[in-house]
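These are the residues of each chain, in order.
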Amino acid sequence: MKSEMLAMILAGGQGTRLGKLTKSIAKPAVPFGGRYRIIDFALSNCVNSGIKNVGVVTQYQPLVLNSHIGNGASWGLDGIDSGVTTLQPYSSADGEKWFEGTAHAIYQNISYIDQMDPQYVLILSGDHIYKMDYEAMLEEHKAKNASLTVAVLEVPLEEASRFGIMNTDAEDRIVEFDEKPEHPKSNLASMGIYIFNWGHLRDVLLNSYAKDGQMLDFGHHVIPAYLDAGENVFVHRFKGYWKDVGTIDSLWEASMEFIHADETLNMRDKGWRIYSRNLISPPHFITETAEICDSLVVDGCYVDGSVKHSILSTNVQVKKGAKIENSVIMPGATIGRNVVVKNAIVGENAIIGDDTVIYNPDDIEIVGYSEVIGVQVDENK
């Protein structure tokens with residue numbers, strides 16, 4: 001199946017920095033924005049950019065992610081000439097099993113990529129919130145006769161030491177790559193989005209693994225190797241909203257910003273929709289005594305309490321007297337009577353018993369997936 005550019009979404013990370021939220025599910029499958037999962041943004045960007053074939057590389061706790069993606073129909077990736085394939089580690093003849101890095105994950109899936117026979121490969125992370133036209137990036141890649149193009153975002157110089165920084169010349173050619181430099185020379189931060197000429201990347205990976213197997217990671221190994229070899233490596237400057245939601249703080253912050261997503265992400269743009277696999281739910285029900293202010297409440301919710309600057313995801317129940325503020329309540333969670341939830345993220349299907357207080361003035365509180373708090377559970381049932 002010939003395609004000009006194949007997208008490979010790296011979605012196998014354990015997401016340990018998200019703590020309880022990823023104890024049972026992969027990071028890209030974590031709910032976001034009331035009715036989405038994090039991976040929906042990368043998948044939707046692919047579809048909107050005209051990319052018809054996507055490989056999703058999974059590894060850690062893939063069950064929910066696999067079920068969510070299904071056959072790709074929710075994104076229109078179930079046609080005769082389009083598709084989405086979930087790619088999990090497998091034991092090969094030479095003993096290869098788990099993916100040991102981003103580049104190693106691509107190396108392990110060379111057979112799949114060869115089968116798709118692309119001219120270019122787009123490498124994406126599955127844990128970013130943004131809208132981006134990858135076709136525009138590809139056109140720039142081709143116009144500059146690049147071997148590799150790296151998407152970058154300008155960040156405040158004082159924050160640049162947190163990122164992989166690309167130092168460029170006047171033509172935006174990358175001349176140096178610094179991973180989290182103590183004294184950054186520029187503010188062009190790598191977004192972890194790459195376009196490679198597949199034939200050359202394939203040779204680089206095969207030669208490396210035939211020799212010493214050290215080409216494990218794109219940032220630490222592949223990009224420096226391309227620069228050392230004098231390859232045509234350029235940046236693609238992205239201007240728009242982008243958030244890496246790999247930590248509790250960044251996930252909470254992005255969620256609070258998503259309440260006003262019409263301003264940050266233009267979620268009403270019918271020409272660039274974010275698609276998801278949404279189960280059918282009844283309309284939300286708001287009682288006469290409920291109070292909702294500056295919040296996002298989606299389908300299937302029942303609200304009989306106070307909700308301020310928060311997100312209530314699909315099928316959330318907020319019982320009488322409960323107070324929710326600056327928080328994210330993920331799908332299926334139940335908030336009991338007179339509960340206080342402030343500056344918190346409550347995981348999918350969690351149950352918060354009556355009169356419980358979830359609040360820490362110094363940090364974001366987390367309630368995990370299906371966690372039960374403040375409820376007496378009969379162990380015999």
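All values reported here derive from a predicted model rather than from experimental measurement.

What am I meant to see in the sheet that holds strand S20 (residues 317-318) here?
Whenever strands of a sheet pair, they do so through backbone hydrogen bonds, lying parallel or antiparallel. Reading across the sheet, the six strands line up as S14-S17-S20-S23-S26-S29 and stay open at both edges, with parallel pairing between neighbours. Each edge of the open sheet carries a strand with a single partner, namely strand S14 (285-286) and strand S29 (372-373). Here strand S26 (residues 351-352) pairs with S29 via two bridges, running parallel. Paired with Ile 351 across the bridge in S29 is Val 372.

Looking at this structure, I do not really get the pattern of salt bridges. What am I missing?
A side chain with one charge can pair with a side chain of the opposite charge if their charged atoms come near. Tallying each qualifying case throughout the model produces 17 salt bridges. Linking Arg 173 and Asp 169 is a salt bridge whose minimum nitrogen-to-oxygen distance equals 4.0 Å. Take Asp 169: its relative accessible area is 30%, and that puts it in the partly exposed class. Across the salt bridge formed by Glu 257 and Lys 243, the nearest N and O atoms sit 3.5 Å from each other. Of this pair, Glu 257 sits in helix H8 (residues 248-258) while Lys 243 sits in strand S13 (residues 242-244), and the two are 14 residues apart along the sequence. Residue classification places Lys 243 among the buried residues on the basis of a relative accessible area of 14%. One salt-bridge network, held together by shared partners, links Glu 154, Asp 172, Arg 237 and Lys 239.

Before we go on, may I ask you to explain the packing of helix H6 (residues 198-211) against helix H7 (residues 218-228) in this structure?
Two measures define how a pair of helices packs: the angle their axes make with one another and the distance between the axes. Running from N to C, H6 and H7 cross one another at 110°; their axes reach a closest spacing of 12 Å. The orientation of H6 relative to H7 falls into the category roughly perpendicular. Helix-helix and strand crossings are classified by hand; for H6 and H7 the assignment is right-handed. Between H6 and H7, the residues in contact are His 200, Leu 201 and Val 204 and Phe 218, Val 222 and Tyr 226, respectively. When the residues that make up the contact of H6 with H7 are grouped by side-chain class, the tally is five nonpolar, one polar and no charged.

I keep staring at the packing of aromatic side chains and nothing clicks. Help me out?
Centre distance and the angle of the planes are the two values used to describe a pair of aromatic rings. Summed over all chains, the structure comprises 10 aromatic pairs. Plain terms: the ring middles of Tyr 36 and Phe 41 are 5.9 Å apart, the flat faces sit at 55° to each other, and that makes the pair tilted. The exposure class assigned to Phe 41 is buried, which follows from its relative accessible area of 0%. For the pair Tyr 130 and Phe 238, a centre-to-centre distance of 6.4 Å together with 90° between the ring planes defines the contact as edge-to-face. Pair noted here: Tyr 130 is in strand S7 (residues 128-130) and Phe 238 is in strand S12 (residues 233-238), with a separation of 108 residues, a long-range link.

Please explain the nonpolar core as it appears in this structure.
Generally speaking, nonpolar side chains in soluble globular proteins are found buried as a group. By size, the foremost hydrophobic cluster in this structure holds 38 residues, and its most contacted members are Met 8, Ile 106, Ile 123, Met 166, Phe 196 and Phe 218. Aside from chain neighbours lying at most four places away, what touches Ile 123 is Met 8, Leu 10, Ile 106, Gly 192, Ile 193, Tyr 194, Phe 196 and Phe 218. Judged by nonpolar contacts, the second largest core, of 37 residues, contains Cys 46, Val 84, Tyr 130 and Tyr 134.

What exactly am I supposed to notice about a nonpolar patch on the surface here?
On the surface, Ile 351, Val 372 and Val 375 cluster together into a nonpolar patch covering about 190 Å² of accessible area. Along the chain, Val 372 turns up in strand S29.

Sorry, what's going on with the state of the cysteines here?
Disulfides are covalent bonds that link the sulfur atoms of two cysteine residues. For the structure on display, the rule yields zero disulfides. With no disulfide of its own, Cys 301 lies 17 Å from the sulfur of Cys 293, the closest cysteine sulfur. Given a relative accessible area of 2%, Cys 301 falls into the buried group.

What am I meant to see in the sheet that holds strand S28 (residues 365-367) here?
Here five strands make up an open sheet; going across it, the order is S16-S19-S22-S25-S28 and the pairing parallel. The open sheet has two edge strands with one neighbour each: strand S16 (296-297) and S28. As paired elements, strand S22 (residues 328-329) and strand S25 (residues 344-346) share two bridges and run parallel to each other. Note on S25: the bridge partner recorded for Val 328 is Ile 345. Sitting on the sheet, H8 touches S16, strand S19 (311-312), S22, S25 and S28, and the angle it makes with S25 is about 90°.

What is the right way to read helix H5 (residues 134-143) from this model?
Structurally, the α-helix is built with 3.6 residues per turn, so residues lying three or four positions apart point the same way. Listed in full, the buried residues belonging to H5 are Tyr 134, Met 137, Leu 138 and His 141. Down the axis of H5, the smallest arc covering the buried residues is 100°, so these residues share one side. N-cap assignment for H5: the residue whose side-chain oxygen lies 3.0 Å from the backbone N of Glu 135 is Asp 133. Downstream of H5 by one or two residues, Asn 145 has phi in the positive range, about 50°.

Reading the values: rules and limits
Residues numbered from 1 in each chain as written. Predicted model: local features only at pLDDT ≥ 70, side-chain atom pairs only at ≥ 80, totals over all residues. Heavy atoms only, no water. Pairing = 2+ DSSP bridges. Helix = DSSP H or I, 4+ residues; strand = E, 2+ residues; numbered from the N terminus. Salt bridge = Lys/Arg side-chain N within 4 Å of Asp/Glu carboxyl O. Buried < 20%, exposed > 50% of the residue type's maximum accessible area, 1.4 Å probe, protein only. Axes fitted to C-alpha atoms, helices over the stretch in contact; angles between N-to-C directions. Parallel < 35°, antiparallel > 145°, perpendicular 65-115°, else oblique. Left-handed = near helix turned anticlockwise from the far one by under 90°. Contact = heavy atoms within 4.5 Å. Nonpolar A, V, L, I, M, F, W, Y, C, P; charged D, E, K, R; others polar. Phe/Tyr/Trp six-rings, centres within 6.5 Å; stacked < 30°, edge-to-face > 60°. Core = buried A, V, L, I, M, F, W, Y, C linked by side-chain atoms within 4.5 Å. Patch = residues over 30% accessible without salt bridge, like charges linked within 9 Å, V, L, I, M, F, W, Y side chains within 5 Å. Areas by Shrake-Rupley, 256 points an atom, 1.4 Å probe, with all protein chains shown as cover. Disulfide = S-S within 2.5 Å. Arc of directions from axis to C-beta. Polar contact = N/O pair within 3.5 Å; in protein donor to acceptor, adjacent residues only side chain to side chain.

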